[in-house]
Amino acid sequence: MSSIANLKISISGVRGVIGETLTPKLISSFAASFGQFVGKGSVIVGRDTRPTGAMVEQAVIAGLLSVGCKPVLAGVVSTPTVQVLVDHYRAVGGIAITASHNPMPWNAMKFINGRGMFLDNIEARQVLDIYNQEDYHYVSEATIQEVSTLEDAFVEHQRRIFKHINVDLIRSKKFKVAMDCGNGAGALYAQKFLEDLGCEVLTIFDETDGLFRRKPEPIPAHLTELEKVVKANGCVIGFAQDPDADRLVLVDDSGTALNENYTLGFTVKHLLKQSPGPVTINLGTSKMISDLAEEAEQELIFTKIGEINVSTTMLRRGSDIGGEGNGGVIWPKVRACRDSFTGMALVLELLADSAQSSSQIVESMPKYYGATRKIALNSDKVIRLLAKLKDKYADENLNTLDGVRIDWADKWVIVRASNTEPIVRLQAEAKTEADLEALLEVFVAECESV
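Residues numbered from 1 in each chain as written. Predicted model: local features only at pLDDT ≥ 70, side-chain atom pairs only at ≥ 80, totals over all residues. Heavy atoms only, no water.

**Student:** Kindly report on the pattern of salt bridges, identifying the contributing residues and their values.
**Tutor:** Following the criterion strictly, the structure yields 25 salt bridges and no others. Here R160 and D87 are joined by a salt bridge, their closest N and O atoms 2.7 Å apart. With R160 in helix α5 (residues 155–163) and D87 in helix α3 (residues 79–88), this pair connects stretches of sequence that are 73 residues apart. In this structure R160 comes out as buried when scored by relative accessible area, which is 12%. (Salt bridge = Lys/Arg side-chain N within 4 Å of Asp/Glu carboxyl O. Helix = DSSP H or I, 4+ residues; strand = E, 2+ residues; numbered from the N terminus. Buried < 20%, exposed > 50% of the residue type's maximum accessible area, 1.4 Å probe, protein only.)

**Student:** Could you give an account of the environment of E217, with specific residues and numbers?
**Tutor:** Checked against the element boundaries, E217 lands in the loop between β9 (200–204) and α8 (224–233). For the pair E217 and S100, spaced 117 residues apart in the sequence, the C-alpha separation amounts to 8.0 Å. When residues no more than four places from it in sequence are discounted, the contact partners of E217 are H101, H222 and R247. (Contact = heavy atoms within 4.5 Å.)

**Student:** Hey, could you go over the pairing of strand β20 (residues 411–417) for me, with residue numbers and the actual values?
**Tutor:** When you tally the buried positions in β20, you get five out of seven residues, the bulk of the element. Strand direction decides the pairing type here: strand β19 (residues 404–407) and β20, joined by four bridges, are antiparallel. Of the residues in β20, the one forming a bridge with R405 is I414. (Pairing = 2+ DSSP bridges.)

**Student:** Report on helix α11 (residues 307–317), specifying residues and quantitative values.
**Tutor:** Buried within α11 are the following residues: E307, I308, V310, S311, T313 and M314. Count one or two residues on from α11 and you reach G318, which has phi positive near 70 degrees.

**Student:** Go over the sheet that holds strand β8 (residues 176–180) with me, naming the residues and quoting the values.
**Tutor:** Here four strands make up an open sheet; going across it, the order is β9-β8-β10-β11 and the pairing mixed. Strand pairing shows two members of the sheet lacking a second neighbour, β9 and β11 (248–252), which therefore form its edges. The average undirected angle you get between the axes of adjacent strands in this sheet is 25 degrees. With five bridges connecting them, β8 and β9 associate as parallel partners. Directly across from K176, in β9, lies its bridge partner E200. α8 rests against β8, β9, β10 (237–241) and β11 of the sheet, and its axis sits at about 165 degrees to β8. (Axes fitted to C-alpha atoms, helices over the stretch in contact; angles between N-to-C directions.)

**Student:** So what's going on with the packing of aromatic side chains? Which residues, and what values?
**Tutor:** Within the structure shown, the criterion is met by 10 aromatic pairs. Here the aromatic residues F154, F162, Y189, F193 and F341 are joined through ring pairs into a cluster of three or more. Over the face of the ring belonging to W412 we find R405, whose NZ or CZ atom lies 3.8 Å from the ring centre. Cation over ring: K411 sits above W408, and NZ or CZ is 5.4 Å from the ring centre. (Phe/Tyr/Trp six-rings, centres within 6.5 Å; stacked < 30°, edge-to-face > 60°. Lys NZ or Arg CZ within 6 Å of the ring centre and 35° of its normal.)

**Student:** Give a detailed account of the side chain of R47, specifying residues and quantitative values.
**Tutor:** Topologically, R47 is positioned in strand β3 (residues 42–47). A polar side-chain atom of R47 sits 3.5 Å from a polar atom in the side chain of E57. In this structure, R47 is in contact with G53, A54, E57, G75, V76, V77 and I97, ignoring residues within four places of it in sequence. (Polar contact = N/O pair within 3.5 Å; in protein donor to acceptor, adjacent residues only side chain to side chain.)

**Student:** Which residues make up the nonpolar core, and what are the values?
**Tutor:** Among the nonpolar cores identified, the biggest contains 68 residues, and I165, F193, L194, F239, F266 and L348 are the most heavily contacted of them. Counting residues per element, this core draws most heavily on helix α12 (residues 340–352), which supplies nine residues. With 32 residues, the next largest nonpolar core counts I61, L64, V127 and I130 among its residues. (Core = buried A, V, L, I, M, F, W, Y, C linked by side-chain atoms within 4.5 Å.)

**Student:** Before we move on, could you go through the side chain of E260 and cite the residues and values that matter?
**Tutor:** Mapped onto the fold, E260 is located in the loop between β11 and α9 (261–274). Lacking a salt bridge, the buried E260 has R247 as its closest oppositely charged neighbour, with an N-O distance of 4.3 Å. (Lys, Arg positive; Asp, Glu negative; His and termini not counted.)

Shown next, in the form of structure tokens:
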């Protein structure tokens, strides 16, 4: 929605660079807009460890108070914890202050509705309309609410997870695990969470000053230190979080960092065995998950890309198994949101219930090679490109829910427009690297030919 390169205003919230585009005035105004949207009542506010978080929090408080909301401060917590707390306390909404995997200069606000879920497209546009029109109903001095603080904010989140897993089974295994907290919100909670599951825990990047000592996105290329710890200490698994601890990436017992899709693959494999049912994923998720659902003879449900699309579809369709291929495990029994803590518990339960090691489980999974590309295209060309692909590949297995996805037996590709940049995103997978390169070559040419 915004043309300013370092300010992103979208369905996901508001992200920007502190000291440049994400100013106290803008933060306060968007918080007031959100407060106006959700109405007077309690709003849970949590943040990650970034040093700018305290400043952003104060601006958020001012905006919420100005329109009659009651800010309830959860302190430094994960984004899924904020979502759990909104539901638990029946708050009118929540704001998670985090730029997720963006670099240090960035911060952001993620808006959460009264159902403990991110805003959908309609809700996000309503908040943006209030902001653009400056349609605020400021309250008088006499009705300004008090700010309150939550103690032990993670307790309810952990209680919900432990309620739905076999804690005793996991504890009986006395697993040794490695934990890369990424210097994010998980650094305050992950070690004790795992120890409460009976694990011996070796932690790295567990400082809570918000100074990221590895690149914040938990992708395999950034997890070399975790790989070393797992291999050197004979750990059964390694876990890595992003700064707001909603995403989870695994390192197996051989010391190999896994593609992010394996996190969802492990949990889907486990839950399909434990309580089979429909599997819900977005259109950018690995065919590995599709194959697992097919093997279990369970329905596969595709959604548009974006966490809220997966979450709402899971609730509407009664699907208890799903998530996103970026390391985002969604298990509505805890909360319909991406949650690294839920992901860790389910992976440990899988290991406890299996005779296989984590590397052996990887070997048993369907394997695909994947890649992504960004191609600059203006909106007119994007429209023409998508229309051309729909027509040219009409006889193939086509899905046009979000851009154009084409599936074959052993490969797939999706082409879709970016919501924030004048580009198309091309994503592809195939069973072999050679087939992947051939697929990319064909569809890069398709994109560049319009």
